[in-house]
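Residues per chain are reported as follows:
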Amino acid sequence: MAYENIIYETEGNIGIIRFNRPKALNAINSDVVRDVQKALDEVEADSSLRVLILTGEGGKAFVAGADISLMVNLTPLQLREFSSSLHELGFRMEGLSIPIIACVNGFALGGGTEIAMACDFIYASEDAKFGQPEINLGIIPGAGGTQRLPRLVGKGMAKELCMTGAIISAREAKEIGLVNKVFPADKLWEETLKTANVLASKGRFSLMAVKRCIDRGFNLDLRAACGLETDQFALCMASPDGREGMSAFLEKRKPDFKGGLS
Ligand code: CAA
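A. Representation of the nonpolar core in the model. With 50 residues, the main nonpolar core has Leu54, Phe62, Val104 and Phe130 as its most contacted residues. In terms of residues, this core owes the most to one element, helix H1 (residues 30-45), which gives six residues.

B. Examining the site of the ligand more closely. Taken together, 23 residues form the shell around the ligand, and within it Lys60, Ala66, Gly111, Glu114 and Glu134 come nearest. Take Ala66: an N or O atom from its main chain is 2.8 Å from an oxygen atom of the ligand. Between the ligand and Gly142 there is a distance of 2.9 Å, counted from an oxygen atom to a backbone nitrogen or oxygen. Considering the ligand on its own, with 980 Å² of exposed area, one finds that the protein chains cover 61% of that surface. If you list the elements that add at least two residues to the shell around the ligand, you get helix H2 (68-71), strand E6 (107-109) and helix H4 (111-117). Split by residue class, the shell around the ligand holds 14 nonpolar, four polar and five charged.

C. Broad picture of the domain arrangement of the protein chain. Each domain of the protein chain was delimited in the assignment, giving domain 1 (6-200) and domain 2 (204-250). In total, about 950 Å² of surface goes out of reach between domain 1 and domain 2, with carbon and sulfur atoms giving 49% of it. Where domain 1 meets domain 2, there are one salt bridge. Across the salt bridge formed by Asp120 and Lys211, the nearest N and O atoms sit 2.9 Å from each other. Counting every contact that joins domain 1 to domain 2 gives six residue pairs in polar contact (both at pLDDT 80 or more). Considering only residue class, the side of domain 1 that touches domain 2 consists of seven nonpolar, two polar and five charged.

Definitions and cut-offs
- Residues numbered from 1 in each chain as written.
- Predicted model: local features only at pLDDT ≥ 70, side-chain atom pairs only at ≥ 80, totals over all residues.
- Heavy atoms only, no water.
- Core = buried A, V, L, I, M, F, W, Y, C linked by side-chain atoms within 4.5 Å.
- Buried < 20%, exposed > 50% of the residue type's maximum accessible area, 1.4 Å probe, protein only.
- Helix = DSSP H or I, 4+ residues; strand = E, 2+ residues; numbered from the N terminus.
- Near = heavy atom within 4 Å.
- Polar contact = N/O pair within 3.5 Å; in protein donor to acceptor, adjacent residues only side chain to side chain.
- Areas by Shrake-Rupley, 256 points an atom, 1.4 Å probe, with all protein chains shown as cover.
- Nonpolar A, V, L, I, M, F, W, Y, C, P; charged D, E, K, R; others polar.
- Domains from an automatic or database assignment.
- Buried area = accessible area lost by both parts, 1.4 Å probe.
- Salt bridge = Lys/Arg side-chain N within 4 Å of Asp/Glu carboxyl O.

Next up, the structure:
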């Protein structure tokens, strides 16, 4: 399916969504949200996919935030609806059955940092920039910034970023634990694909179980979270991959993970 505001393609068992409004530095409006949701429908319908990568077209931005030219004319109720649609997108991404890597190749500001945080982890180019500059617009983050950011980097740092609106480099973002790895711009895509291929070689069910345990467990008390892990651990044996992985080890061969549940 062709999209106006994103490019969706697959490379083997890797899905790729590229934000594609380079003239507006890939700023997100309702049409972008709708396109990404539809692309996620395609991802979910394609059981051959093992990993999804989110990135930006145009060489300058991942996503420079929510579209300010859209928001400036909205009523409070319309802004609320827009914010809810961004939150629904974030939850959908977290609930996706395959891992998502954010490949941040430029500005990831406001909604850009927020979308990246809803991915499973972030790789960035040396020239990437992160931040929650909404305070400079007289508003606050509306796509999870006040919630996912403190969970990733701690309350103090999250407050400092949201209150000052400071834009930080990829290196600083890595230092505070927002970004996993930073690469020279011309190596970012290659390195992201390398890790995507590593993930793609693992069992589909066990990847999903890790994602569920960490995302859902993070907001539970330790006993409930460990209960979630026990259930997911046990469920791994409902997938042929669980038995295949252990058998392969014992037979001293590489596992052949096929995904799916028996
Ligand atoms: N919304 C709408 N348009 C945007 C945009 C945004 N978030 N960010 C950039 N653009 C547009 C600019 O208006 C400009 O358009 P024109 O060429 O038509 O004038 C074009 O993209 C290029 O931008 P600049 O000329 O500003 O490029 P620059 O290199 O000088 O600066 C920048 C780059 C620092 C990223 C700057 O564009 C900027 O500060 N953008 C806004 C960042 C921001 O405040 N993001 C948060 C938005 S609010 C939000 O995201 C709320 C939420 O949580 C949901």
